[in-house]
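Letter by letter, the chains look like this.
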Amino acid sequence: MKAIVIGAGPNGLTAAATLKKAGVEVTLVDQRGVPGGRFGGEIPLLHDTSLVSPAVLKDLGVDLAFQDAPTPHLPDGTAQSTPEAWGSFLATWRPLIRSIAEAPAPDIGDEAPLWPLAKKAIALRKPGTARMMDLLRLAPQNLEDLLGEFFEDPRQRALRIFPALLGSWMGPISPTAGANLILTECLRGQEPVGGTAGLVKALLAAAPSVTKARVTGIRIEKGRVLGVDTDQGAIDADRVISCVGPITTLKELVHPTALPDHLHKDLYDVRVRGCMAKLHLALSAPIFPRELVRTCDAPLDLERAFDDVKHRRLPRRPPLEVRHLAGGKSASVLIHCAANDLDGGWTAEARAGLEQAVLAELRAHVPDLDERVSATELITPDQLQADWGLDGGHPFQAELAVDQLFVMRPLPKVARGETGITGLGLGSDGQHPGVGPTLVPGWLAAKAALSA
């Protein structure tokens, strides 16, 4: 077997390492040639590695130590707390949700057996009727109502809401957002020692070297993969795993005549409305005394910021997550609620406006900010799409919503990473479980290729 993996991000490295371990001849290609994708570089696009699956690393034989992730704080030093009731609720469901997230999505086709789905339903009853009803009641709720049952302090609710909004197109009072929070909280654990750089280094040691090349198309004949065409020439293979987004793969890399009929229309139903931007800061001194800080005092502030997304305007008070890196010499600033489809587009004026809004929000908490910041680099949603290859400028290549999770991520017909084209698999975060860089989609896609 010869295989090609497209994209050298966390999932691509995982898929290539899984195939290499099985003795497959693998070519790993990436248009930027930078290993790690969203985790690559001195200041990564995403800085949270607490969703990485230890089970995947263990299967690959990657020996990485883990440590507690930093506790989120508000700018005034208030730390995120975990009431006993909330901790108990998560502890009840964490084993089941992790087991579901690390297994292929069940087949729900017309001829698929019912038993795999039935087993999941039976597992929901194991914690007892009361706990099961709590889950079924809380998951469809909005985040403000859900967390209001566990946290009296609105600041604590705001600290918890941040991770559930990353990757969604929702605010704190949007229905069904509770499912995102429960899913991410149950999957979150410790993070690898060394952060993103340590993880990428370990995966690179297990994966083949990265070939810098832009894939221009996937060659398919009579419903079977033959290889890929790149700007450096053609590469033959009988297996291709695409770890770039499902929209890019199936709309841009697969010729329309080779795409199964049932996908032509359904692809247009996949929502990829990114609303995240990023600011990198070079620092002479840390901004805050804590490693991880979120700038939001109440869920209502997050909802007002989401109003800016809905109206396609620049955020007036962008909610921020600041992670100090390199011992405080740099900072990774995630900017929530920056609309990809900004009215008028991401012009130079709009970019300057967003950067000034972010710096103004930081100055409100750090008056001498300008003395601490020596350089800035802003990455807007349109750049995430054009330069980073992220569909819709979306960090996870498909929105997180109840109708785009599990057996429906991003569509029921491709939730298992299958495309209907022999030899072509999907392994990006646009696939199940898709809540962030878990490494699971690439791992599952490689396992499926090996068993085909």
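Keep in mind that what you see is a predicted model, and the values were worked out from it rather than measured. Along each chain, the written sequence defines residue order, and numbers are assigned to residues from 1. Side-chain atom pairs in this predicted model are given and counted only at pLDDT of 80 or more, local residue features only at pLDDT of at least 70, and totals for whole chains, interfaces and linings cover all residues. By convention in this description, side-chain values take in all heavy atoms of the structure and omit both hydrogens and water.

1. Section: empty space enclosed by the protein
To keep it simple, the criterion reads: The distinction between a cavity and a pocket rests on a 1 Å grid over the protein atoms alone: a 1.4 Å probe fits inside a cavity but cannot get out, while a pocket stays open yet meets protein on both sides within 12 Å along at least five of seven lines, and a residue with an atom within 4 Å of a point counts as lining. Grid points are joined across faces, edges and corners, and a volume is the space filled by probe spheres set on the points.
Taken as a whole, this structure holds one cavity of 30 Å³ or more when the rule is applied. What the largest cavity holds in volume is close to 100 Å³. Lining of the largest cavity is provided by 16 residues; of these, Leu165, Ser168, Cys275, His336 and Cys337 occupy positions nearest its centre.

2. With respect to the packing of aromatic side chains
Convention followed: Pairs were defined over the aromatic rings of Phe, Tyr and Trp, the Trp ring being its six-membered one, requiring ring centres within 6.5 Å. Orientation was assigned from the angle between planes: stacked under 30 degrees, edge-to-face over 60, tilted for the rest. In this scheme, the term charge over a ring applies when either NZ of a lysine or CZ of an arginine sits within 6 Å of the ring centre and within 35 degrees of the ring normal.
In this structure the tally under the stated criterion is five aromatic pairs. One aromatic cluster is present, built from ring pairs that chain together Trp86, Phe89, Phe150 and Phe151. Across the ring face of tyrosine 268, the terminal group of lysine 251 is positioned such that the distance to the ring centre comes to 3.8 Å.

3. Things to note about unusual backbone geometry
In terms of backbone geometry, most residues other than glycine have negative phi values and most peptide bonds are trans. Heads up, the condition is: Strands here are runs of E lasting at least two residues and helices are runs of H or I lasting at least four, both read from the DSSP assignment and numbered beginning at the N terminus. The classification of residues rests on relative accessible area computed with a 1.4 Å probe and restricted to protein chains. Under 20% of the type maximum is buried, over 50% is exposed, and intermediate values are partly exposed.
Geometrically, the link from arginine 409 to proline 410 is a cis peptide bond, its omega value of -15 degrees lying close to zero. Along the chain, proline 410 falls in the loop between α15 (381-386) and β15 (424-426). Here the residue pair histidine 432 and proline 433 is connected by a cis peptide bond, since its omega of 0 degrees sits within 30 degrees of zero. Within the fold, proline 433 resides in the loop between β15 and α16 (440-451). Even without a glycine there, the phi angle at phenylalanine 406 is positive, about 55 degrees. Inspection of the secondary structure puts phenylalanine 406 in the loop between α15 and β15. For phenylalanine 406, a relative accessible area of 25% corresponds to the partly exposed category.

It is worth stressing that arrangement in space is one thing and function is another; only the former is reported here.
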